[in-house]
2 protein chains.
Amino acid sequence: MSYENAEKITASELEVMKLLWRAQDALPVTEIREELQKSKGWEPATIKTLVSRLVTKGAVAQEKRKVFYYSPRISEEEYRAWATRDLIHRVYNGRAHDLVAALVHSDGLTQEDIQELRQMFRVED
Amino acid sequence: MSYENAEKITASELEVMKLLWRAQDALPVTEIREELQKSKGWEPATIKTLVSRLVTKGAVAQEKRKVFYYSPRISEEEYRAWATRDLIHRVYNGRAHDLVAALVHSDGLTQEDIQELRQMFRVED
DNA sequence: CATAAGAGTCTACAATTGTCAACTGCAATT
DNA sequence: AATTGCAGTTGACAATTGTAGACTCTTATG
């Protein structure tokens, strides 16, 4: 499933997705709750809502066992690709290379990053 | 004024900002309206709302003449920097170079883009 | 088997966003 | 001076988002 036509994932929902992406297997709500309660300070109810909305949106699959187990239906890479294209269109008027230019000139990259990127560009052909 | 503490600019509002960034001088609503009515099909009321909200948010300045003239208070570069940092944090867990990696591997860049980027990285030191 | 914990579902509610209409006052034109 | 058009302001309203409580039904445990 590509992210193309999927509904938009919101910032809060994205935190759930990131957790699911990090996990290798499907997770029961229990684990999702434990994690996000600690890291985000969210109430269990909030977490349950987010997971439900993600299921409704088709971004997360639920698998019935004793209890539902949840796993991502879109990969982090797909989402990243979409989010990046979205940024390029919305903010950079579709010019991908303007984004990279901005990156290079910003202080967002460390000297090491720049080195790495050079490496990357050398390797890519 | 840096964008750091400014309130978030929404997608619709961004269209107004882009117009103001393109214009060299401050613009009266008349011109903003004409442009966006054509390009976006928005009603005058909608456009007026967006401009007002941007003024309230501090993203746009109004200068009193016969009629108010509007101009950006934050530059496109500042906004781009902010939006890009935001993407990197939200989606790439703070790893700027992961973003570039994704870009390089995506089909978002043409072969020419890649050439250009190489150039960029060569020049940058 | 009775009971408690908590997963799953439903409902809620304020803030934000996308869209726009109505009113009000000034300014140009007759 | 009277009229008309439109800038500026206020209000509106539905959809989305962030955040969470309440209720129900299942399942593990005494």
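Everything discussed here concerns the structure shown above.
Residues numbered from 1 in each chain as written. Chains lettered and ligands numbered in written order. Predicted model: local features only at pLDDT ≥ 70, side-chain atom pairs only at ≥ 80, totals over all residues. Heavy atoms only, no water.

Attention shifts here to the interface of chain B and chain A. Note on interface size: it is often stated as the accessible area lost on association of the parts. Counting residues at the interface gives 37 residues for chain B, matched by 37 residues for chain A. Buried surface at the junction of chain B and chain A, both sides included, amounts to about 3400 Å², of which 63% is carbon and sulfur. The tally of links from chain B across to chain A stands at 8 residue pairs in polar contact (both at pLDDT 80 or more). Those elements giving two or more residues to the side of chain B that touches chain A turn out to be helix H1 (11–22), helix H4 (76–92), helix H5 (96–105) and helix H6 (111–123) of chain B. Here the element with the most residues in the side of chain B that touches chain A is H4(B); it accounts for 11 residues. Looking at the side of chain B that touches chain A residue by residue, the class counts come to 19 nonpolar, 7 polar and 11 charged. (Contact = heavy atoms within 4.5 Å. Buried area = accessible area lost by both parts, 1.4 Å probe. Polar contact = N/O pair within 3.5 Å; in protein donor to acceptor, adjacent residues only side chain to side chain. Helix = DSSP H or I, 4+ residues; strand = E, 2+ residues; numbered from the N terminus. Nonpolar A, V, L, I, M, F, W, Y, C, P; charged D, E, K, R; others polar.)

Let us look at the sheet that holds strand E1 (residues 27–28) of chain A. All names here are of chain A. With antiparallel pairing, 3 strands are arranged side by side in an open sheet as E1-E3-E2. Looking at strand neighbours, the two that pair on one side only are E1 and strand E2 (60–64), the edges of this open sheet. Of the strand pairs in this sheet, E2 and strand E3 (residues 68–72) are connected by 5 bridges, and their pairing is antiparallel. Bridging across to E3, valine 60 finds its partner in proline 72. On the sheet, helix H1 (residues 11–22) packs against E1, E2 and E3 and is oriented at approximately 95° with respect to E3. (Pairing = 2+ DSSP bridges. Axes fitted to C-alpha atoms, helices over the stretch in contact; angles between N-to-C directions.)

A word on the nonpolar core. Residues A:Met17, A:Ile32, A:Tyr79, B:Met17, B:Ile32 and B:Tyr79 are the most contacted members of the largest nonpolar core, which totals 78 residues. In this structure, A:Met17 is in contact with A:Ile9, A:Leu54, A:Ala59, A:Val60, A:Pro72 and A:Ile74, ignoring residues within four places of it in sequence. (Core = buried A, V, L, I, M, F, W, Y, C linked by side-chain atoms within 4.5 Å. Buried < 20%, exposed > 50% of the residue type's maximum accessible area, 1.4 Å probe, protein only.)

With that settled, consider the side chain of A:Lys18. Inspection of the secondary structure assignment puts A:Lys18 in helix H1. Excluding residues that lie within four positions of it along the chain, A:Lys18 makes contacts with B:His89, B:Arg90 and B:Asn93.

Taken together, 21 residues lie near DNA strand D, and A:Thr10, A:Ala45, A:Thr49, A:Arg53 and B:Phe68 sit nearest. Put simply, 60% of the atoms of DNA strand D that lie within 4 Å of the protein are in sugar or phosphate. The contact in question runs from a phosphate oxygen of DNA strand D to an N or O atom on the backbone of A:Glu43, over 3.5 Å. Taken together, the elements giving at least two residues each to the surface near DNA strand D come down to H1 and helix H3 (44–57) of chain A together with helix H2 (29–40), helix H3 (44–57) and strand E3 (68–72) of chain B. (Near = heavy atom within 4 Å.)

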